[in-house]
Amino acid sequence: MKSVHSLVCAAFFLPATGLSQDMDEAKAHAERGLKAAEAFPGYASLCNLESRIRNVNDRSASNGARRERPASGQRSGQGGGERAERPPLPPMQVFDNLYFLGNRSVSAWLYGTDEGYLLIDGLNNDEEAEKYILGGMETLGLDPDRIEAILVTHGHGDHYGGADYISEELGVEILMSAEDWKFMAPFGVHPRFGPPPPRGTDVADGEVLEFGESSLTAHLTPGHTPGGLSLVFDVYDNGIPHAAMMWGGTGFNFGMYPEIFRQYADSAVKMRDLSQEAGVDVMLSNHSRRDGSDVLMAELAEREAGEAHPFVVGEEGYDLFTVLEECALAQAARFAEPE
């Protein structure tokens with residue numbers, strides 16, 4: 001008999017189900033999610049009951065099919081599959097020990113001090129990693145050789161695409177959950193992201209990662225992918241401590257499978273409980289338009305002495321988990337088989 005975990009993982013690759021005939025439950029969940037999303041507008045679209053749900057996790061689809069690897073020396077992202085580049089966001093020190101090194105498409109965060117850094121995610125491809133991560137560190141006067149490891153939050157190309165480049169350039173390991181190392185291993189070369197990185201080190205649920213004088217805790221939050229990781233760690237604003245939570249995988253792009261949506265909702269509940277235990281008051285994402293980092297960094301740049309840090313949201317931040325849970329349950333009800 002297969003385990004629940006095996007059945008859920010297998011569902012990522014099964015044909016999608018049809019629409020539910022009774023939408024009352026879906027609408028009720030969506031209404032609760034949208035109300036909570038007033039404070040988190042970047043997540044509100046998750047509750048759209050008319051949205052088209054893609055499945056980027058399907059290895060047989062054109063966006064995930066196996067492709068020939070590029071010729072030796074050709075970097076990932078070269079060729080006709082590369083999308084038009086969005087205007088970049090400047091690199092920025094967001095907290096004493098947290099730096100933004102991403103762009104308007106996807107975020108990379110550098111966590112730690114000059115005693116040792118952990119790079120969180122590697123952007124879309126090698127070119128972006130070189131430009132925004134290494135180039136951003138140079139702009140901020142940070143030493144890339146202080147990076148001790150790269151943590152990839154989940155096995156999608158916009159997060160692992162440039163990780164192998166940074167790993168090879170700096171001679172550091174790549175970390176990911178065992179579930180997502182296995183999940184992404186069969187993916188071939190994507191014209192935008194390149195190949196998945198070779199398997200590195202596994203990160204377990206609840207594992208504390210230590211580097212330099214810093215640490216964070218990684219929590220398994222399946223849904224977006226089978227082994228997505230969400231993170232809890234301390235940040236400082238001019239020496240004043242805060243606790244941050246980074247949600248590791250947001251979009252509903254895994255197909256129309258009620259069981260995966262419900263798993264996603266369970267992960268949101270899990271992270272709400274863990275965040276409350278840790279006193280989290282900063283909510284982050286690995287996409288700047290989801291968590292509003294693009295707007296908040298502009299506010300931070302204009303902050304006067306003594307003003308509150310725009311990223312610190314306090315207890316209102318827990319509404320985020322209501323958005324994630326209720327929107328996932330809304331979509332689960334939307335696609336559930338009629339009784």
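Starting from 1, residues in each chain are numbered consecutively following that chain's sequence as written. Per-residue local features of the predicted model are confined to residues with pLDDT of at least 70, and side-chain atom pairs are confined, for both listing and counting, to 80 or more; whole-chain, interface and lining totals are unaffected and use all residues. The side-chain quantities take in all heavy atoms of the structure and omit both hydrogens and water.

Chemist: Looking at this structure, how should I read the packing of helix 2 (residues 24-36) against helix 10 (residues 319-335)?
Modeler: A packed helix pair is summarised by two numbers, namely the angle formed by the two axes and the spacing between the axes. With their axes 7 Å apart at the nearest point, helix 2 and helix 10 run at an angle of 160° to one another. In terms of axis orientation, helix 2 runs roughly antiparallel to helix 10. Considering only the axes of helix 2 and helix 10, their crossing is left-handed. Where helix 2 approaches helix 10, its residues Glu25, Ala26, His29, Ala30, Arg32, Gly33 and Ala36 are matched on the opposing element by Asp319, Thr322, Val323, Glu326, Cys327, Leu329, Ala330, Ala333 and Arg334. Polarity classes work like this: nonpolar for Ala, Val, Leu, Ile, Met, Phe, Trp, Tyr, Cys and Pro, charged for Asp, Glu, Lys and Arg, and polar for all others, with Gly in that last group. Here the residues of the contact of helix 2 with helix 10 are counted per class, giving eight nonpolar, three polar and five charged. Working convention: axes come from line fits to C-alpha atoms, limited for helices to the stretch in contact. Angles between N-to-C directions cover 0 to 180 degrees. Labels follow the DSSP assignment, with helices taken as runs of H or I lasting at least four residues and strands as runs of E lasting at least two, numbered in each case from the N terminus. Each angle is binned into one of four classes, with values under 35 degrees roughly parallel, values over 145 roughly antiparallel, values of 65 to 115 roughly perpendicular, and all other values oblique. Here a crossing is called left-handed whenever its near helix is offset anticlockwise from the far helix by less than a right angle, and right-handed whenever the offset is clockwise. Two residues form a contact once any of their heavy atoms are found within 4.5 Å.

Chemist: Help me understand the sheet that holds strand 9 (residues 214-220), please; the structure alone is not making it clear to me.
Modeler: Within a sheet, adjacent strands bond to each other through the backbone by hydrogen bonds, running parallel or antiparallel. Across the sheet, which stays open at both edges, the five strands sit in the order 8-9-10-11-12 with mixed pairing between neighbours. The open sheet terminates on both sides in strands that have one partner only, identified here as strand 8 (207-211) and strand 12 (282-285). Taking each pair of neighbouring strands and ignoring which way they run, the sheet shows an average axis angle of 30°. Here strand 8 pairs with strand 9 via five bridges, running antiparallel. Following the sheet pairing, Glu210 is matched in strand 9 by Ser215. Against the sheet, helix 7 (residues 258-278) makes contact with strand 9, strand 10 (229-237) and strand 11 (240-247), and its axis sits at roughly 170° relative to strand 11, the strand it touches most. At least two bridges found by DSSP between two strands are what make those strands a pair.

Chemist: How do you make sense of the pairing of strand 11 when you look at a structure like this?
Modeler: Strand residues, when the strand is regular, have side chains that alternate between the two faces of the sheet. Exposed residues in this analysis have more than 50% of their type's maximum accessible area, buried residues have under 20%, and partly exposed residues fall in between, with area computed by a 1.4 Å probe over protein chains only. Within strand 11, six of the eight residues are buried, which leaves it mostly tucked inside the rest of the structure. Summarising the sheet, strand 10 and strand 11 pair through seven bridges and their orientation is antiparallel. When the sheet's bridge partners are listed, Phe233 is paired in strand 11 with Ala244. Pairing of strand 11 with strand 12 involves four bridges; the strand directions are parallel. Looking at strand 12, one finds that Ala244 is bridged to Val282. Here the term right-handed applies to a crossover when the path leading from its first strand over the helix to its second strand runs clockwise, the strands being oriented away from the viewer. The parallel pair strand 11 and strand 12, bridged by helix 7, forms a crossover whose chirality is right-handed.

Chemist: Could you clarify how one ought to interpret the state of the cysteines in this entry?
Modeler: By definition, a disulfide links the sulfur atoms of two cysteines through a covalent bond. Cysteine sulfurs are considered disulfide-paired once they come within 2.5 Å of each other. Counted according to the given criterion, the structure contains one disulfide. At a sulfur-sulfur separation of 2.0 Å, the disulfide partner of Cys47 is Cys327. Between Cys47 and Cys327, the S-S torsion sits near -100°, and that sign places the bridge as left-handed. With a gap of 280 residues between them, Cys47 in the loop between helix 2 and strand 1 (92-95) and Cys327 in helix 10 connect regions that are remote in the sequence. No difference in accessibility class separates Cys47 from Cys327, as the two residues are buried.

Chemist: In this structure, what is going on with unusual backbone geometry? I would like to understand it.
Modeler: Here the phi dihedral of Leu123 falls at roughly 65°; this positive angle occurs in a residue that is not glycine. Looking at where Leu123 falls in the secondary structure, it is placed in the loop between strand 4 (116-120) and helix 3 (126-140). The backbone of Asn238 sits at a positive phi, close to 50°, despite the residue not being glycine.

Chemist: Would you mind going over the confidence of the model for the protein with me for this structure?
Modeler: Reading fine detail from the predicted coordinates is not recommended where pLDDT is low. What pLDDT reports is the predictor's confidence in each residue, on a scale of 0 through 100. Taken over all residues, the pLDDT of the protein has a mean of 88, while the share at 70 or more is 85%. Taken together, the stretch residues 1-18 has pLDDT below 50 and engages in 32 contacts with residues farther than four places along the chain or on a different chain. Of the regions scoring below 50 in pLDDT, residues 61-83 engages in 47 contacts with residues more than four places distant in sequence or in other chains.

Chemist: Honestly, the sheet that holds strand 6 (residues 173-177) in this entry has me stumped. Any pointers?
Modeler: If you trace the seven strands from one edge of the open sheet to the other, you get 1-2-3-4-5-6-7, paired in mixed fashion. Each end of this open sheet is capped by a strand with a single partner; those strands are strand 1 and strand 7 (201-203). When the angles between neighbouring strand axes are averaged without regard to direction, this sheet yields 30°. Two strands pair when backbone bridges link them, and strand 1 and strand 2 (residues 98-100) are joined in this way by three bridges, in the antiparallel orientation. Its bridge partner being in strand 2, Gln93 is matched across the sheet by Tyr99. Across the face of the sheet, helix 5 (residues 163-170) comes into contact with strand 4, strand 5 (147-151) and strand 6 while running at roughly 160° to strand 5. Relative to the sheet, helix 9 (residues 293-301) contacts strand 1, strand 2 and strand 3 (109-113), its axis offset from that of strand 1 by approximately 90°.

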